[in-house]
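Breakdown of the fold
Listed here are the chains, written in short residue letters.
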Amino acid sequence: MEFDEWLSVRIDQTKAAGLHRKLRTMNTAPLPKMLIDGKEQIVFSSNNYLGLAYNCHLVYAAETILHEFGVGSSGSRLTTGHTEWHRRLEEKIAQFKQTEAALLFSSGFLANVGVLSSLPENGDVILSDQLNHASIIDGCRLSKASTVVYKHIDMDNLEEKLKETSNFKRCFIVTDGVFSMDGTIAPLKYIISLAKRYHAYVIVDDAHATGVLGEKGRGTSEYFGVHPDVVIGTLSKAVGTDGGFVAGSQILIDFLLNHARTFIFQTAMPPAICAASYAALEIIGESDEKRRQLFSNVKRLKTNLAEMGYVVKGHLTPIIPVIIGDPKKAVIFAEKLQEKGIFAPAIRPPTVPVGESRIRLTVTSDHSSNEIDYLLKCFYCIGKELNMI
Ligand SMILES: *Cc1c(COP(=O)(O)O)cnc(C)c1O
């Protein structure tokens, strides 16, 4: 079979399963109102929770350091790519996360893969939440340790699995802080107390929690007042820039710098992005205003959708999954939203369980009350039209 022919058979299977994806072009900066494929839409699916991606202080910081240091970093951190802006940002992240040290990776994805493929050894076991992010799953696949999956935030099930780990040398528990499809918060306090009892180590991926959860936005650790062994995060969501990091003890960082292949064999982040990230963390650290606005928006949306009669999943986070049920209906719902100028995706199996197809809304601190009211109005009209509420 010819190469393209073989691929077209495979892509036809993707299409037949209703899982074919395509790109949509954003023609404007990441703001609540954007031109998407040339049409104005209010975006309720962005990870820019604090509206920092287009913040003038970040743009200014990036621009200044861009002129000083150029565009690319020209090497890995251990060769020619390490600048004072990498150092300053790592110090800032450690200070923000209240750990001894931090290490930058080019993305959160690579941070997860780097940690999970280097830290647990042959003969160890990783207990992983069923709904963990794809990068955690891939990290587990690359690890020499065994992986056991436990039911999503089910602490009884986690304990059962922990009881079965005595044949392994060491045990690691890995969890998202905030789960990206369900908007649930991992019960980290409970996880850490279980870990202590069963002599396990805890790794938290705080991608959606950094800048969002906790009084100062430090993440899931601050929210629960705990200190996991390893905290992983991304700068690409609430922080509004790009890149990932690990925060923890000095010895952990020294270990990863020497052993995490996604750190060693990757070109360093551009210094200008480090400078913009530094500016973002300063803004997050200095004021709670954006976070207060964010949660006021979250509450307004969740309360009103539930009052209309929708099943809204998750805890109090900016990820708001509205259950539609049937996958085709979810797609129709998303199309109708788009006709009305609202951009929010339908999420279907296998990303979510059968019967739980949903519209996954996210909200940011920058959404105005008018924009939120308009979204609610659209949900009301479409829900009535489709006999859902
Ligand atoms: C987005 C995300 C990542 C990946 O972060 P990037 O910086 O985009 O690579 C990792 N884990 C979770 C839970 C995420 O939501």
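All figures in this text were calculated on a predicted structure; none of them were measured in a lab. (Residues numbered from 1 in each chain as written. Predicted model: local features only at pLDDT ≥ 70, side-chain atom pairs only at ≥ 80, totals over all residues. Heavy atoms only, no water.)

1. Re the overall build of the protein chain
What counts here: Secondary structure is summarised from DSSP: a helix means a run of H or I of at least four residues, a strand means a run of E of at least two, and numbering begins at the N terminus for each. Within these notes, the globule rule equals 2.2 Å times the number of residues to the 0.38 power, and the radius of gyration is based on C-alpha atoms. Relative accessibility under 20% of the residue-type maximum defines a buried residue, over 50% an exposed one, and the middle range a partly exposed one, all with a 1.4 Å probe and only protein chains included.
The secondary structure content of the protein chain amounts to 14 helices and 14 strands. Relative to the compact-globule value of 21 Å for 389 residues, the protein chain shows a C-alpha radius of gyration of 21 Å, a close match. Dimensions of the protein chain, computed from C-alpha atoms along their principal axes, come out at roughly 60 × 55 × 55 Å. For the protein chain, with 389 residues in total, the buried portion stands at 50%.

2. Notes on the site of the ligand
Applicable threshold: Nearness of a residue to a molecule or strand requires only that one of the residue's heavy atoms be within 4 Å of it. Polar contact criterion, stated in full: a pair of N or O atoms within 3.5 Å, where within protein one must be able to donate a hydrogen and the other to accept it, and residues adjacent in sequence count only if both atoms are side-chain atoms. For the accessible areas, the method is Shrake-Rupley and the probe is 1.4 Å, while residue cover comes only from the protein chains on display. Under the scheme applied, nonpolar residues are Ala, Val, Leu, Ile, Met, Phe, Trp, Tyr, Cys and Pro; charged residues are Asp, Glu, Lys and Arg; polar residues are all the others, including Gly.
Around the ligand lies a shell of 14 residues, among which G108, D205, H208, T234 and K237 are the nearest. Measuring from an oxygen atom of the ligand, one finds a side-chain N or O atom of T234 at 2.6 Å. Within the contact set of the ligand, an oxygen atom lies 3.2 Å away from a side-chain nitrogen or oxygen of S236. Compared with its free state, where it exposes 380 Å², the ligand has 86% of that area covered by protein. A per-class count over the shell around the ligand returns two nonpolar, nine polar and three charged.

3. Focus on the domain arrangement of the protein chain
Going by this rule: An automatic or database domain assignment supplies the start and end points of every domain. The contact definition used throughout considers only heavy atoms, calling two residues in contact when any of these lie within 4.5 Å. Basic side-chain nitrogens of Lys or Arg form a salt bridge, by our definition, when they fall within 4 Å of a carboxyl oxygen of Asp or Glu.
If you check the domain split of the protein chain, you get domain 1 (18-47 + 288-385) and domain 2 (56-286). Between the C-alpha centres of domain 1 and domain 2 the distance comes to 27 Å. Contact residues are listed per partner, giving 19 residues for domain 1 and 21 residues for domain 2. Inspection of the domain 1/domain 2 interface yields three salt bridges. Across the pair K313 and D182 runs a salt bridge, and its minimum N-O distance is 3.3 Å. Where domain 1 packs against domain 2, one counts eight residue pairs in polar contact (both at pLDDT 80 or more).

4. Looking at the packing of aromatic side chains
Each aromatic ring pair is characterised by the separation of its centres together with the angle its planes make. To be explicit about the condition: By convention, a stacked pair of Phe, Tyr or Trp rings (six-membered ring in the case of Trp) has centres within 6.5 Å and planes under 30 degrees apart, an edge-to-face pair has planes over 60 apart, and any other such pair is tilted. Only Lys NZ and Arg CZ are tested; either one counts as a charge over a ring when it is within 6 Å of the ring centre and within 35 degrees of the ring normal.
Tallying each qualifying case throughout the model produces eight aromatic pairs. For the ring pair F105 and F263, a centre distance of 5.8 Å and an interplane angle of 70° mean the geometry is edge-to-face. Taken together, the residues F105 in strand 3 (residues 101-105) and F263 in helix 10 (residues 261-264) connect sequence positions 158 residues apart. No difference in accessibility class separates F105 from F263, as the two residues are buried. Here the aromatic cluster, defined as three or more aromatic residues joined through ring pairs, consists of Y310, F333 and F379. Its guanidinium or amino end placed over the ring of Y278, R88 lies 4.9 Å from that ring's centre, counting from NZ or CZ.

5. Describing unusual backbone geometry
A cis amide bond links P349 with the next residue in sequence, P350, at an omega value of 10°. Residue position: P350 is located in the loop between strand 13 (346-347) and strand 14 (357-362). Even without being a glycine, D37 presents a positive backbone phi close to 50°. With respect to the helices and strands, D37 occurs in the loop between strand 1 (33-36) and strand 2 (39-43).

6. Looking at the pattern of salt bridges
For the coordinates displayed, the defined rule picks out 19 salt bridges. In this structure, R87 and E91 form a salt bridge, with 3.2 Å as the shortest nitrogen-oxygen distance. Taken together, the residues R87 and E91, both in helix 3 (residues 84-97) and four residues apart, mark about one turn of the helix. The exposure class assigned to R87 is partly exposed, which follows from its relative accessible area of 39%. The exposure class of E91 is partly exposed, given its relative accessible area of 47%. One salt bridge in this structure joins D138 and R141, with 3.2 Å as the shortest N-O distance. Here the residue D138 and the residue R141 both occupy positions in helix 5 (residues 134-142), the gap between them amounting to three residues, near one helical turn. According to the relative accessible area criterion, D138 is partly exposed, its value standing at 28%. A single network of salt bridges, built from pairs that share partners, joins D182, K313, E356 and R358.

7. Brief notes about helix 13 (residues 327-339)
Each α-helix winds once per 3.6 residues, and so residues spaced three or four apart point in a common direction. Where we set the bar: To estimate the expected span of a helix, count its residues, drop one, and scale the result by 1.5 Å.
With 13 residues, helix 13 should reach 18 Å at 1.5 Å per residue; the first-to-last C-alpha distance of 19 Å fits that figure. On its buried side, helix 13 packs onto strand 11 (319-325), strand 12 (342-343), strand 13, strand 14 and helix 14 (369-385). Capping the start of helix 13, D326 holds a side-chain oxygen 3.4 Å from the backbone nitrogen of K328, two or three residues further along. Phi turns positive one or two residues past the end of helix 13, at G341, with a value near 90°.

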